[in-house]
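Residue-level listing of the chains:
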Amino acid sequence: MLYCLYYSPCGSTQEYAVKVAETLGPNPIYVDLTRSDGRLDFQREDIVIFAAPVYGGRLPVPLVEKLERMRGDQSHVITMVVYGNRAYDDALLELNSILVGDGFEVFASAAFVARHVFHPEVAADRPDKQDFQEAEAFANRAKYKYDEMDYSEPKVPGSKPYREFAGMPVAPIADPASCFKCGTCATNCPVGAISKEDPTQTDALKCIDCMRCVQNCPSQGRVLPQKVQEMLLAKLSPLAGVRKANEFFY
Ligand SMILES: Cc1cc2nc3c(=O)[nH]c(=O)nc-3n(C[C@H](O)[C@H](O)[C@H](O)COP(=O)(O)O)c2cc1C
Ligand code: SF4
Ligand code: SF4
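What counts as what
Residues numbered from 1 in each chain as written. Chains lettered and ligands numbered in written order. Predicted model: local features only at pLDDT ≥ 70, side-chain atom pairs only at ≥ 80, totals over all residues. Heavy atoms only, no water. Phe/Tyr/Trp six-rings, centres within 6.5 Å; stacked < 30°, edge-to-face > 60°. Helix = DSSP H or I, 4+ residues; strand = E, 2+ residues; numbered from the N terminus. Buried < 20%, exposed > 50% of the residue type's maximum accessible area, 1.4 Å probe, protein only. Lys NZ or Arg CZ within 6 Å of the ring centre and 35° of its normal. 1 Å grid on protein atoms, 1.4 Å probe; cavity = no way out; pocket = protein on both sides within 12 Å on 5 of 7 lines; lining within 4 Å. Points joined across faces, edges and corners; volume = space filled by probe spheres on them. Nonpolar A, V, L, I, M, F, W, Y, C, P; charged D, E, K, R; others polar. Near = heavy atom within 4 Å. Polar contact = N/O pair within 3.5 Å; in protein donor to acceptor, adjacent residues only side chain to side chain. Areas by Shrake-Rupley, 256 points an atom, 1.4 Å probe, with all protein chains shown as cover. Sits in = over half its atoms within 2 Å of the grid points. Contact = heavy atoms within 4.5 Å. Right-handed = clockwise from strand over helix to strand, strands pointing away. Pairing = 2+ DSSP bridges. Salt bridge = Lys/Arg side-chain N within 4 Å of Asp/Glu carboxyl O.

Taking an unreviewed UniProt entry as the reference, the protein chain is identified by name as 4Fe-4S ferredoxin-type domain-containing protein belonging to Turicimonas muris.

A.B. asks: So what's going on with the packing of aromatic side chains? Which residues, and what values?
C.D. replies: In the structure shown here, the tally under the stated rule is 13 aromatic pairs. Measuring from ring centre to ring centre gives 6.0 Å for phenylalanine 112 and phenylalanine 138, while their planes differ by 80 degrees; the resulting arrangement is edge-to-face. In this pair, phenylalanine 112 sits in strand S5 (residues 105-113) while phenylalanine 138 sits in helix H4 (residues 129-147), placing the two residues 26 residues apart along the sequence. Taken individually, phenylalanine 112 and phenylalanine 138 each receive the classification buried, so the pair is uniform in this respect. Measuring from centroid to centroid gives 5.8 Å for phenylalanine 138 and tyrosine 250, while their planes differ by 40 degrees, and the two rings are tilted. Of this pair, phenylalanine 138 sits in helix H4 while tyrosine 250 sits in the segment after strand S8 (247-249), placing them 112 residues apart in sequence. Classification of phenylalanine 138 as buried rests on a relative accessible area of 1%. One Lys or Arg, arginine 141, reaches over the ring of tyrosine 250 and ends 4.1 Å from the middle of that ring.

A.B. asks: Tell me about empty space enclosed by the protein, residues and numbers included.
C.D. replies: Applying the stated criterion to the full structure yields 2 cavities of 30 Å³ or more. Size it by volume and the largest cavity reaches roughly 110 Å³. In this structure, the largest cavity is lined by 13 residues; those nearest its centre are Cys179, Phe180, Cys182, Cys185 and Cys217. Lining the second largest cavity are 14 residues, with Cys189, Ile194, Cys207, Cys210 and Cys213 positioned closest to its centre. When its residues are assigned to classes, the lining of the second largest cavity shows 11 nonpolar, 1 polar and 2 charged.

A.B. asks: Tell me about the site of ligand 1, and name the residues and values.
C.D. replies: As a structural note, the neighbourhood of ligand 1 is formed by 25 residues, with Ser8, Thr13, Val54, Gly56 and Arg115 the closest of them. Contact distances for ligand 1 include 3.5 Å between an oxygen atom and a backbone N or O atom of valine 82. Burial of ligand 1 by the protein amounts to 97% of the accessible area it has alone, namely 640 Å². The cavity that encloses ligand 1 is the largest pocket. Those elements giving two or more residues to the shell around ligand 1 turn out to be helix H1 (12-24) and strand S4 (76-83). Grouping the amino acids of the shell around ligand 1 by side-chain chemistry returns 13 nonpolar, 9 polar and 3 charged.

A.B. asks: Hey, could you go over the side chain of serine 8 for me, with residue numbers and the actual values?
C.D. replies: Assignment of secondary structure puts serine 8 in the loop between strand S1 (2-6) and H1. A distance of 3.3 Å separates a polar side-chain atom of serine 8 from the backbone nitrogen of threonine 13. Discounting chain neighbours no more than four positions away, the residues touching serine 8 are Thr13, Gln14, Thr34 and Arg212.

A.B. asks: Tell me about the pairing of S5, and please be specific about residues and values.
C.D. replies: Buried residues dominate S5, accounting for 8 of its 9 residues. On the question of chirality, the crossover connecting S4 to the parallel S5 by way of helix H3 (residues 91-101) is right-handed. Direction of pairing for S5 relative to S8: antiparallel, over a ladder of 3 bridges. Within the sheet, the bridge partner assigned to alanine 111 lies in S8 and is glutamate 247.

A.B. asks: Requested: an account of the pattern of salt bridges, with residues and values cited.
C.D. replies: Under the criterion given, the structure shown has 12 salt bridges. Here lysine 181 and aspartate 198 are joined by a salt bridge, their closest N and O atoms 3.6 Å apart. On the criterion of sequence distance, the pair formed by lysine 181 in the loop between strand S6 (173-174) and helix H5 (184-188) and aspartate 198 in the loop between H5 and helix H6 (212-216) is long-range, its members being 17 residues apart. According to the relative accessible area criterion, lysine 181 is partly exposed, its value standing at 48%. A relative accessible area of 25% means that aspartate 198 is categorised as partly exposed.

Written out as structure tokens, the structure reads:
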């Protein structure tokens, strides 16, 4: 069976993962890990795509916990990380190392660029047509390698100990005047940080700042605190207008 597992609060990782899965073969089984644990055990004959966004040069912590519960029986794996045009640092190495530890065999890996969820002008329109063409070419080359029964593990960038990333001690705040308590944010928060009874209350310690609730609030009533927004805009603005290349490893 062909599986495609992705963690994608704001959708870019999913877009790339779907393109690769559709190119690899018919009827992939999609598992959205963003809010569920998904399937845990895979068979030797399965091909599994794992796709993850990059947070602070690492994998999102809730995803790491889910990945560590997966089991592969030498099942063959394609890994992908998706990052916001800054850097992916140790994220791809972290993903591959966890999966090899789980009993999977990684035979192709990629790092793709997508819009940065913290800055509207950084990689704003990505993935675009060229990105999808490259994702398709990546899938075809991985398929060729698999058909040749070459399951050798690619060497990917990154080093141990991994880059430290403790997240940000803040969460988006909701404007009580515009919140009409539709519950969309609370239902879809990957870590259950938003109160279902009062969605204007968010647990900043649980929140991973994935920006899903900000992106999806129908009244556009959720934003990061002003000072944090300004800090992120200042830090990321030099990356606006820069086109970083996708990278592939076989
Ligand atoms: C908490 C957090 C940390 C991030 N850290 C990085 C980073 O270190 N490097 C980078 O290039 N992009 C970083 N990004 C941007 C995301 O990797 C990028 O926007 C990605 O497309 C999000 O995936 P998604 O749309 O599937 O949720 C970060 C985003 C978040 C929410
Ligand atoms: S999605 Fe927006 S409007 Fe709906 S409950 Fe959340 S903050 Fe309120
Ligand atoms: S509260 Fe935090 S973790 Fe939950 S959806 Fe919003 S940004 Fe993401």
